[in-house]
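Overview (structure and organization)
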Amino acid sequence: MTKHGFTLFVFFSAVASTTCRDEQDFCESKVCNEREFKQNHFYTNEKTYGEIPLTLSHRLLDALPLDELDGPVSRPVRGCVFSGSRPTPLKEPLTLAAASQDVLRNILDLNESVIQNEEFVLCVSGGKLFPGSIPLAHRYGGHQLGDGRAHFLGEYTNRKGERWELQLKGSGKTPYSRSGDGRAVIRSSVREFLCSEAMHFLGVPTSRALSLVVSEEPVWRDLFYNGNVIKERGAVVLRLARSWFRIGSLEILTRTGELDVLRTLLDFIIEEYFKSIAMNDPDKYVVFFSRVVNETAHLIAHWMSVGFAHGVCNTDNFSLLSITIDYGPFGFMESYDPNFVPNTSDDEGRYSIGAQANVGLFNLQKLLEALKPLLTSDQLSQCRQTLREYSQTYQQRFHELFKAKLGFLGNQENDSYVIAFLLKLMEDTGADFTMTFRQLSEVTMSQLQTGSIPPSMWALSDLLSHEYFRDWVQLYLKRLSRMESDSDAARQHRMQGVNPRYVLRNWMAESAIRKAEKNDFSEVALLQKTLTEPFVEQEEAERAGYSSKPPSWAQQLRVSCSS
């Protein structure tokens, strides 16, 4: 324990360098530019800045209209994209429970020794600001009202020329908090930290997480919205993304008739994040829309290939850069079930894993509605045609990813049938999604041919009980035999590179959370280490049972929007 009440409890793993809210009407408020903003607000007070070698900048301050007022008071806002809002420090003592070495080194150009600095703990928890930071809350509104507990700190350009935007989550009230307290709890913060990093190492486009800081500050939550309010503890995650703009960023401006602001924001997004689109192209909005449609289809197909269900797929949680953001009541599917719903708040199954592609299409339709005032009739027709092609784009990417999961090279006429046949067998038997594909990458063709599957391959053993499994095996082996220059060892190696042995199952996260709530962060550290190499068998992970059948108590777990 240090003099300021900080505890460092951080484990690094070696990494190679390389909700639920209604809408609301809005009313006018003034906007200002960057210079006025700095002069009129607390940001010129140097005592608020930490001594960390990481200087942030703000391209958007001079480019986008800002709310003149600042402060955490929830209030109506109009005519701007961001509002000034300073983080509310967590109450000490604080514990730095986890940090990502990969983010420190390869994104922020920092040495891991920086975590020993008390100023670092303050900066990543909202107690102080990084040099150059001007904290803001983003206004958006497809379903919510904006960043109700997140603070955009600024952006960092690293040695590789990459721009990353830093944001705190759980850092206190903003003008968009309404009746919320602006906090996040350990439970949800552990999940967000671990899953952000896990998805990156699975190869899925995603936001990243630098750090997890926990406190003793009490936070009251009704976990399942049943009137049973319990006391939990506050936590803050510092997360990063190339951009935090989402479909709801544009929706709110169209709905309120702020078309000048809409055009300004859209032009900024295209110029800054879609560099290949010429700003003088009269069809730039059409090209932008086409890009978002295609990349969204690819993202959701990638989710499906690793069995990931986001849980709350509304337009506020869909990135315009088509990356995975806002990890809430997500879940990695265990037994294969197209109706798998990780979020117990989703009574109707709107965001089930099998519905994600259709929900993506719905969200893209909402994006087109937001763009409509800026489009000519011909451009609108082009965009509608792009939407009609969405399903084909999704299916094609889904097909490519699942062919790779089965080790196929080239194209054969019945590949789609072989994939669909296997998924049907998995659905009928409740076979584990992750381990079925992983064990198919480990089993030999000879073992499949003879049916002599080792008992340790428990997921494949479940499939053996299906009356049509042998028929599928014959189709599969016939398909593999057509790849004349391929060997069984090459197939296994290829498949093991795309079929993870470890994903962040809810029971694994829950086990880490229960310990973390008792200030034991050892399993957070183990999971962080394991999930940085999800395709490699690891001794510690095997001892922890991370590739074994889920424990019986895992079936009783529930997650919700409460966080």
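The present account deals with the structure reproduced in this document. For every chain, the first residue of the written sequence is number 1, and numbering continues from 1 along that sequence. Residues qualify for local features only when their pLDDT is at least 70, as the model is predicted, and side-chain atom pairs are given and counted only at 80 or more; totals for whole chains, interfaces and linings, by contrast, use all residues. Only hydrogens and water are set aside; all other atoms, that is, all heavy atoms of the structure, feed into the side-chain values.

Along the backbone of the protein there are 20 helices and 13 strands. Burial classes: relative accessible area under 20% of the type maximum marks a residue as buried, over 50% as exposed, and values in between as partly exposed (1.4 Å probe, protein chains only). Of all 563 residues assigned to the protein, the portion counted as buried reaches 59%. Areas reported as accessible are Shrake-Rupley estimates using a 1.4 Å probe. Residue values count occlusion only from the protein chains shown. Of the roughly 22400 Å² of accessible surface on the protein, a fraction of 48% belongs to carbon and sulfur atoms. For helices the rule is a DSSP run of H or I covering at least 4 residues; for strands it is a run of E covering at least 2, with both sets numbered from the N terminus onward.

Moving on to the layout of surface pockets. When its volume is computed, the second largest pocket comes out at roughly 520 Å³. Any residue with an atom within 4 Å of a point lines the site, the site being either a cavity, points on a 1 Å grid over the protein atoms alone where a 1.4 Å probe fits but cannot get out, or a pocket, an open set with protein on both sides within 12 Å along at least 5 of 7 lines. Around the second largest pocket, the lining comprises 23 residues; the ones closest to its centre are E334, S335, P550, A554 and Q555. For the lining of the second largest pocket, the secondary structure elements donating two or more residues are helix 15 (458-464) and helix 18 (506-516). Note on residue categories: nonpolar means Ala, Val, Leu, Ile, Met, Phe, Trp, Tyr, Cys or Pro, charged means Asp, Glu, Lys or Arg, and polar means any other residue, Gly included. Its residues placed into classes, the lining of the second largest pocket shows 12 nonpolar, five polar and six charged. Grid points are joined across faces, edges and corners, and a volume is the space filled by probe spheres set on the points.

Attention shifts here to the nonpolar core. Counting 135 residues, the largest nonpolar core has F245, L250, F288, L406 and W472 as its most contacted members. A per-element tally of this core places helix 8 (residues 284-305) first, with 12 residues. Any two residues having at least one pair of non-hydrogen atoms within 4.5 Å are treated as being in contact. Once you skip the residues sitting within four places of it in the chain, L406 turns out to touch V418, I419, L422, F437, L440, W472, Y476, L480 and M495. The nonpolar core is taken to be a set of buried Ala, Val, Leu, Ile, Met, Phe, Trp, Tyr and Cys residues, with the residues joined through side-chain atoms within 4.5 Å. If you look at the next biggest cluster of nonpolar residues, it comprises 29 residues, including L54, L56, L238 and L240.

With that out of the way, let us pick up the packing of helix 8 against helix 9 (residues 356-371). Angular values range over 0 to 180 degrees, each being the angle between N-to-C directions of two axes fitted as lines to C-alpha atoms, with helices fitted over their stretch in contact. Two elements in contact, helix 8 and helix 9, have axes whose closest approach is 10 Å; the angle formed by their N-to-C orientations is 160°. Taken together, the axes of helix 8 and helix 9 lie roughly antiparallel to each other. At the point where helix 8 passes helix 9, the crossing takes the right-handed sense. In this structure, helix 8 uses F288, F289, V292, V293, T296, I300, W303 and M304 to contact helix 9, whose residues at the interface are Q356, A357, G360, L364, L367, L368 and L371. These descriptions rest on fixed angle ranges, namely under 35 degrees for roughly parallel, over 145 for roughly antiparallel, 65 to 115 for roughly perpendicular, and the rest for oblique. Should the near helix be turned anticlockwise from the far one by less than a right angle, the crossing is termed left-handed; should it be turned clockwise, right-handed.

As a volume, the largest cavity reaches approximately 70 Å³. For the largest cavity, the full set of lining residues is F82, H138, Y140, D147, F152, E165, Q167, W244, F245 and R246. Classifying every residue of the lining of the largest cavity by side-chain character gives five nonpolar, two polar and three charged.

Below, the discussion takes up the environment of P551. Tracing the chain through its elements places P551 in the segment after helix 20 (539-543). Each C-alpha atom of the pair P551 and W507 lies 7.9 Å from the other, and the pair is 44 residues apart in sequence.

Within the secondary structure, T55 sits in the loop between helix 1 (34-40) and helix 2 (60-63). What makes T55 exposed here is its relative accessible area of 53%. Sequence-wise, T55 and L108 are 53 residues apart; in three dimensions their C-alpha atoms are separated by 10.0 Å. Every residue in contact with T55, bar those within four places of it in the chain, is listed here: P131, E155 and Y156.

On to helix 10 (residues 377-388), then. Relative to the 16 Å expected for 12 residues at 1.5 Å per residue, helix 10 spans 17 Å between its end C-alpha atoms, a close match to the ideal helical length. For helix 10, the set of buried residues is Q379, L380, C383, T386 and L387. Each buried residue of helix 10 lies within a common arc of 115° when the element is viewed along its axis, so the set occupies one face. Turned more than 90 degrees away from the buried face of helix 10, the exposed residues are S377 and R388. In this structure, the buried side of helix 10 is in contact with helix 8, helix 9 and helix 11 (390-405). To estimate the expected span of a helix, subtract one from its residue number and multiply by 1.5 Å. The directions considered for the arc are those from the helix axis to the C-beta atoms.

Two aromatic rings, taken as a pair, are described by how far apart their centres are and by the angle between their planes. By convention, a stacked pair of Phe, Tyr or Trp rings (six-membered ring in the case of Trp) has centres within 6.5 Å and planes under 30 degrees apart, an edge-to-face pair has planes over 60 apart, and any other such pair is tilted. By the definition in use, this model includes 24 aromatic pairs. The interplanar angle of 20° and the centroid separation of 6.1 Å between the aromatic rings of Y336 and F433 together place this pair among those described as stacked. Here Y336 is found in the loop between strand 13 (331-332) and helix 9, whereas its partner F433 is found in helix 13 (residues 433-442), with 97 residues between them in sequence. Pairwise contacts between aromatic rings join W303, F308, F318, Y327, F330 and F332 into one cluster.

Attention shifts here to helix 13. Helix 13 sits mainly inside the fold: nine of its 10 residues count as buried. Restricting attention to buried positions, one finds in helix 13 the residues F433, T434, M435, T436, F437, R438, Q439, L440 and S441. Side-chain atoms alone can form a polar contact between residues adjacent in sequence; in general such a contact is a pair of N or O atoms within 3.5 Å, and within protein one must be able to donate a hydrogen while the other accepts it. One side-chain oxygen at the N-terminal end of helix 13 lies 3.3 Å from the backbone nitrogen of T434; it belongs to D432.

Moving on, we come to the pattern of salt bridges. Whenever a carboxyl oxygen of Asp or Glu lies within 4 Å of a side-chain nitrogen of Lys or Arg, that contact is scored as a salt bridge. This model, assessed by the stated rule, comprises 37 salt bridges. Note that D109 is salt-bridged to R159, the shortest N-O span being 3.6 Å. With D109 in the loop between helix 3 (101-106) and helix 4 (118-123) and R159 in the loop between strand 7 (150-157) and strand 8 (163-169), this residue pair connects regions lying 50 residues apart in the sequence. We classify R159 as exposed; its relative accessible area is 70%. Measuring nitrogen to oxygen at the nearest pair gives 3.0 Å for the salt bridge that ties E272 to R163. Placement of the pair is E272 in helix 7 (residues 259-273) and R163 in strand 8, with a sequence separation of 109 residues. Salt bridges sharing partners connect three or more residues here, namely R59, E155, R163, E272 and K275.

We now examine the side chain of H466. Take H466: it is sitting in the loop between helix 15 and helix 16 (469-481). Relative accessible area serves as the criterion here: at 14%, H466 is assigned to the buried category. Here the side chain of H466 touches Y468 through a polar contact of 3.1 Å, landing on its backbone nitrogen. Contact partners of H466, with chain neighbours within four places excluded, come to L425, D428 and T429.

In this section: the environment of F289. Mapped onto the elements, F289 comes out in helix 8. Discounting chain neighbours no more than four positions away, the residues touching F289 are L364, L367, L368, L371, C383, T386 and L387.

The next subject is the packing of helix 7 against helix 8. Here helix 7 crosses helix 8 at 65°, and the two axes come no closer than 11 Å. For the crossing formed where helix 7 meets helix 8, the hand is left-handed. On the side of helix 7, the interface is formed by R263, L266, D267, I269 and I270, while helix 8 contributes K284, Y285 and F288. Grouping the amino acids of the contact of helix 7 with helix 8 by side-chain chemistry returns five nonpolar, no polar and three charged.

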